[in-house]
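What follows is each chain in one-letter form.
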Amino acid sequence: MSIRVYVPRDSSALSMGAEAVASAVASEAARHNADIAIVRNGSRGLYWLEPMVEVETSLGRIAYGPVTNKDVASLFEADFLHGGRHALLRGPVDEIPYLRKQERLTFARVGITDPLSLEDYAAHGGWQGLRAALAMDGASAVKQVTDSGLRGRGGAAFPAGIKWKTVLDTPSHQKYVVCNADEGDSGTYSDRMIMEGDPYVLIEGMAIAGIAVGATHGYIYVRSEYPHACQILADAITLAREQSYLGANILGSDKAFELEVRKGAGAYICGEETSLLESLEGKRGMVRFKPPLPAISGLFGKPTVINNVITLASVPIIFAKGADHYRNYGLGRSRGTLPIQLAGNLKHCGLVEKAFGVTLRELLYDYGGGSASGRPLRAVQVGGPLGAYLPEQQFDTPLDYEAFAAIGAMVGHGGIVAFDDTVDMASMARYAMEFCAIESCGKCTPCRIGSTRGVEVIDHIVAGDEREKHIALLEDLCDTMINGSLCALGGMTPFPVQSALKYFPNDFHVAPKRKVA
Ligand SMILES: Cc1cc2nc3c(=O)[nH]c(=O)nc-3n(C[C@H](O)[C@H](O)[C@H](O)COP(=O)(O)O)c2cc1C
Ligand code: SF4
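Residues numbered from 1 in each chain as written. Chains lettered and ligands numbered in written order. Predicted model: local features only at pLDDT ≥ 70, side-chain atom pairs only at ≥ 80, totals over all residues. Heavy atoms only, no water.

## Some thoughts on helix 8 (residues 160–169)
The complete set of buried residues in helix 8 reads Ala 160, Gly 161, Lys 163, Trp 164 and Val 167. The arc that holds every buried residue of helix 8, seen down its axis, measures 160°, which confines them to one face. As for helix 8, its buried residues are in contact with helix 7 (138–148), helix 10 (199–213), helix 12 (273–280), strand 9 (304–308), helix 13 (309–313) and helix 14 (315–321). (Buried < 20%, exposed > 50% of the residue type's maximum accessible area, 1.4 Å probe, protein only. Helix = DSSP H or I, 4+ residues; strand = E, 2+ residues; numbered from the N terminus. Arc of directions from axis to C-beta. Contact = heavy atoms within 4.5 Å.)

## Focus: the pattern of salt bridges
Applying the stated criterion across every chain, the model contains 29 salt bridges. Two residues, Asp 396 and Arg 361, come together in a salt bridge whose shortest N-O distance is 2.8 Å. With Asp 396 in the loop between strand 15 (389–391) and helix 17 (401–406) and Arg 361 in helix 16 (residues 360–367), this pair connects stretches of sequence that are 35 residues apart. Classification of Arg 361 by relative accessible area gives partly exposed; the value is 25%. Arg 453 is the salt-bridge partner of Glu 456, the closest N and O atoms lying 2.8 Å from each other. Here Arg 453 and Glu 456 lie together in helix 20 (residues 450–463), a separation of three residues that amounts to about one turn. With relative accessibility at 34%, the residue Glu 456 sits in the partly exposed group. (Salt bridge = Lys/Arg side-chain N within 4 Å of Asp/Glu carboxyl O.)

## Structural notes on the packing of aromatic side chains
Inspection of every chain in the model, using the stated rule, returns 15 aromatic pairs. With a centroid separation of 4.9 Å and 75° between ring planes, the pair formed by Tyr 121 and Trp 127 is classed as edge-to-face. The residues Tyr 121 and Trp 127 share a single accessibility class, namely buried. Taken together, Tyr 121, Trp 127, Tyr 200 and Tyr 245 form an aromatic cluster joined through their ring pairs. Positioned above the aromatic ring of Tyr 367, the side-chain terminus of Lys 101 is 4.7 Å from the ring centre. One Lys or Arg, Arg 223, reaches over the ring of Tyr 226 and ends 5.7 Å from the middle of that ring. (Phe/Tyr/Trp six-rings, centres within 6.5 Å; stacked < 30°, edge-to-face > 60°. Lys NZ or Arg CZ within 6 Å of the ring centre and 35° of its normal.)

## Here's the deal with the domain arrangement of the protein
The domains assigned to the protein are domain 1 (3–100), domain 2 (118–326), domain 3 (329–420) and domain 4 (425–516). Here the C-alpha centre of domain 4 lies 35 Å away from the C-alpha centre of domain 2. Contacts between the two partners involve ten residues from domain 2, matched on the other side by eight residues from domain 4. Carbon and sulfur atoms supply 76% of the area that domain 2 and domain 4 bury against each other, a total of about 790 Å² over both sides. The three residues of domain 2 that bury the most area against domain 4 are Tyr 268, Ile 269 and Val 287, which together make up 58% of that side's buried surface. Joining domain 2 to domain 4, the criterion identifies zero salt bridges. Tallied by class, residues from the side of domain 2 that touches domain 4 come to six nonpolar, one polar and three charged. (Domains from an automatic or database assignment. Buried area = accessible area lost by both parts, 1.4 Å probe. Nonpolar A, V, L, I, M, F, W, Y, C, P; charged D, E, K, R; others polar.)

What follows is the structure, given as structure tokens:
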């Protein structure tokens, strides 16, 4: 029987030369007359080891990494096809501490299976959730999601069950399910990893959503910067349709669900749900007034479930293993697990799926390994470009929506970007305003004008020009943006600015005014 060799096809691995590694493995195998089958899996999310090549042996899967095409000849010489010793040997994959300590529910299959193999997906528990949903009526299916405690993973953490119930209860001959795969937050990549590494879990989650609320058509809105994800999704949808997991009669039932991929053009605001719907309708991505909520009047004016990739990809396991299984993970009102993405100045950047409750410190040091530069970590930004900057004294905060809100921060999509002590927080605050100015959709004044004025005011503060007056002006401007903006882009841009000023006043050349919590 052929020996299976896994070379990831995830964008991160490709960017590190995985394609050349796969070709080198194929030609070396031919030279050695070795009978191998190369599987292009998703990434395990241990990015410092990419491309991480795995070999299936009698002792389980053995990892080597980071492998370049130049290492391949020596790997064959070291008999890596049987787990031979080599400088790049990482041992049995399941025993790598970074992976062993995780609680992978949503990412259970990523890196393990062949992303496009329907057999592999089914063999690893796939479609069980869909079959369970097909046996339920809409109200029971929605209740399952409500009981699981699942909250939206795109940023706002709104309970998924309440959103689905609104769509279910709104009568209409046509309803939609839209997947938000715009993934614009800095340091985030979990949506992309799922789409590239386990596309059927998203397809299954969307089909379940459609069956639950009575929607027969779905769209996945993917940012154009994700060409590999778009291609894999398109292929997966075709294959799933051929086997009746999608289409007019799902698995022989009377339920129908069709799915299409749409590419966004790369605007941060098109991740905001109403802008996304405008863009999906072929218009310029501008924020809509709410109400009406998209659940009542969404895509083309029809009731629409719009959820993030991770929210939808977490649905199949809830149906396969039951709501209680999922809600038994986590703490407080933050139930289940969160795929956390470590980025920035860390030794071990990557994907860590853990139950809510893990602390920032554990993530930064036990998983992240501390800073890549070897210098002390000074600040982290959690939840994307609109998230607060947190200082070292807040690293013991558990990842929990309410605990984060209590310190003026947000968990958001679970992206954590770390900075060492060389970071200049005044320039980070300036960047937050500049980012908002560039990405503003322009619909409301506090954001459109305020962000540009914000950049200028921070410049005055840093230059020492009437510092006290400009700090008061900046605080007033932040207050106006928070309370007067139509959406969270203008409404939350002040959070990184205010937190930088509060915790790192010296970088603005100002003495701390308030007691720092
Ligand atoms: C400026 C802005 C950008 C956003 N970008 C994204 C995004 O890239 N992906 C996402 O899922 N949600 C994003 N959101 C949140 C969405 O508006 C919405 O809350 C989400 O799609 C709902 O899905 P969920 O309940 O599953 O999180 C953004 C919100 C704002 C205000
Ligand atoms: S806050 Fe900014 S992005 Fe949001 S609606 Fe207003 S102008 Fe548009």
